Amino acid sequence: MKAAVYYKNSDIRVEDVDDVPVDAGEAKVKVMACGVCGSDVMEWYRIKKAGRPGGIGAFGHECTGVVTEAGSKAAKKVQVGDRVVVTHHVPCNTCSACINGHTTACQTLQSTKFKNNYGAYAEYVVVPDINVDRGILKLPDSVSFDEGTFVEPLGCVVRGQQWASPAGGKSVLVIGAGLSGLLHLQAARVNGAGFIAVSDINTDRLDVAKKFGASATIIATEDVPNRFKELNAGRGADVVVMTAPVPACVKQSLEAVGAGGTILFFAPTNPEVNSEINIWNLWQKEVTITHSYAADFRNLQTALRWIQHGRINVKDMVTQVFPLVRTQEGFVLTAQPKGGSLKVIIHPQDP
Ligand SMILES: [Zn+2]
Ligand SMILES: [Zn+2]
């Protein structure tokens, strides 16, 4: 079968790779759509294992498709012809992290992946036993394959707001108007936020944030924390969601949060980057600092229901749909968005 093989963001080659055998507990899915995620283009993370079989199983993880083969044991869970969302990360459900509700901090979850050697930008993906057991969602007929690719990124946002809830009309500052910032904005509305401001350096992105329901936007070259307070009747934010992973935005988060507020550090900075925290700023505010990683099955299910019932507009976030041969272009656009690009989706079956 054909698969996109990763060497670096600007070098992704479509190659003929071996078909992946399907064992009794496994299922083969014809990939109809696979979103390109910000984590796919984290080059420092991915390049270590680039071009080697088995190294980049999580390369391409926002997948939807049709089941074309189910092993004898897997047939209890899925049938040939099922339209599905498949997830690469599934928890063990028995370790202490899982038992304590931190299912995405589970070692099993973090090491599970599709069986493909070169990732899921491929004509087919083979879903391992444990993922068939607890990582496949049936796609309702009314949800398109493209919309279904948002189940994973939106699921991650659902999880983040589980730890930093805006319910009860709380004020929210979303730092960064990229895809995850815009999903956080929409999710905050569904979750019951009050005033929501979005900041970004890109004014086009701020216009998009307005369209998706931001109460106000702040250009990141301004003094973001003070501008937020001006807009929010003099008060700091009840919830700050940081989706722009640079130290300057860490600092802004700490300064923008109000009394009793919560900061969600949603996007990670690069591993060698340290950010300073001035504890004095927090001392009299009783602030909670939290973060989240990935999504568990419950988060994914919530995301799917929100998409299915039109609570979140994902359709208008898709700006490019490319065939497999143009995967590299999709990566470059995701790493350095241009011309209003927001979400790129790869269609491996398109010529
Ligand atoms: Zn993702
Ligand atoms: Zn576990």
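Residues numbered from 1 in each chain as written. Chains lettered and ligands numbered in written order. Predicted model: local features only at pLDDT ≥ 70, side-chain atom pairs only at ≥ 80, totals over all residues. Heavy atoms only, no water.

## A few points about the pattern of salt bridges
So the rule is basically this: We count a salt bridge whenever a side-chain nitrogen from Lys or Arg sits within 4 Å of a carboxyl oxygen from Asp or Glu. Counting from the N terminus, the helices are the DSSP runs of H or I reaching at least four residues and the strands are the DSSP runs of E reaching at least two.
Counted under the stated rule, the structure contains 14 salt bridges. Notably, a salt bridge pairs Glu230 with Arg227, separated by 2.7 Å at the nearest N-O pair. Of this pair, Glu230 and Arg227 both sit in helix α9 (residues 224-231), three residues apart, which is roughly one turn of that helix. Connected through salt bridges with shared partners, the residues Asp23, Glu26 and Lys115 form a single ionic network.

## Structural notes on the coordination of the zinc ion (ligand 1)
Octahedral metal centres with six donors ideally show angles of 90 or 180 degrees, and tetrahedral centres with four donors ideally show 109.5 degrees. Selection criterion: Counted as donors are the N, O and S atoms within 2.8 Å of the metal, or 3.2 Å for Na, K and Ca, while water is not among the atoms, so some sites may look incomplete. The geometry test gives tetrahedral to four donors whose angles all lie between 85 and 135 degrees, gives square planar to four donors and octahedral to six donors whose opposite members are over 155 degrees apart with all other angles between 65 and 115, and gives irregular to the rest. Any residue under 20% of the maximum accessible area for its type is buried, any over 50% is exposed, and the rest in between are partly exposed; the area is computed with a 1.4 Å probe on protein chains only.
Coordination sphere of the zinc ion (ligand 1), protein contribution only: Cys37 (SG), His61 (NE2), Glu62 (OE) and Glu152 (OE), at 2.2 to 2.5 Å. Between the four donor atoms coordinating the zinc ion (ligand 1), the angles at the centre fall across 90 to 168°, so the site counts as irregular. When the donor residues of the zinc ion (ligand 1) are listed from N- to C-terminus, their spacing reads C-x23-H-E-x89-E. Taken as a pair, Cys37 in the loop between β3 (27-35) and α1 (43-46) and His61 in the loop between α1 and β4 (62-70) lie far apart in primary sequence, 24 residues in all. Judged by its relative accessible area of 14%, Cys37 is buried.

## Quick notes on the coordination of the zinc ion (ligand 2)
Protein ligation of the zinc ion (ligand 2) involves Cys92 (SG), Cys95 (SG), Cys98 (SG) and Cys106 (SG), the donor distances falling in the range 2.3 to 2.4 Å. Each donor residue of the zinc ion (ligand 2) belongs to the same chain, and together they define the spacing C-x2-C-x2-C-x7-C. The exposure class of Cys98 is buried, given its relative accessible area of 8%.

## Describing the domain arrangement of the chain
We apply this condition: An automatic or database domain assignment provides the domain bounds reported here. We call two residues in contact when some of their heavy atoms are within 4.5 Å. Values labelled buried area give the accessible surface lost by two parts on being combined, using a 1.4 Å probe and summing over both.
The assigned domain composition of the chain is domain 1 (2-150 + 314-347) and domain 2 (162-291). Between the C-alpha centres of domain 1 and domain 2 the distance comes to 29 Å. Between domain 1 and domain 2, the contact holds eleven residues from the first and twelve residues from the second. When domain 1 packs against domain 2, close to 930 Å² is buried across both sides, 76% of that on carbon and sulfur atoms.

## Things to note about the packing of aromatic side chains
Definition in use: Here the aromatic set is Phe, Tyr and Trp, taking the six-membered ring for Trp, and pairing holds for ring centres within 6.5 Å; pairs whose planes are under 30 degrees apart are stacked, those over 60 apart are edge-to-face, and all others are tilted. Geometrically, a charge over a ring is one whose NZ (Lys) or CZ (Arg) sits within 6 Å of the ring centre while staying within 35 degrees of the ring normal.
Summed over all chains, the structure comprises seven aromatic pairs. Look at Tyr6 and Phe331: their rings are 6.0 Å apart centre to centre, the planes differ by 55°, and that puts the pair in the tilted class. Of this pair, Tyr6 sits in strand β1 (residues 2-8) while Phe331 sits in helix α13 (residues 327-335), and the two are 325 residues apart along the sequence. Looking at Phe331, the relative accessible area reads 0%, which means it is buried. Ring geometry for Tyr121 against Phe331: centres 5.7 Å apart, planes inclined by 80°, an arrangement best described as edge-to-face. Placement of the pair is Tyr121 in the loop between α3 (107-111) and β6 (124-127) and Phe331 in helix α13, with a sequence separation of 210 residues. These aromatic residues form a ring-pair network of at least three members: Tyr6, Phe59, Tyr121 and Phe331. Above the ring of Tyr7, the side-chain terminus of Arg13 is found at 3.7 Å from the ring centroid.

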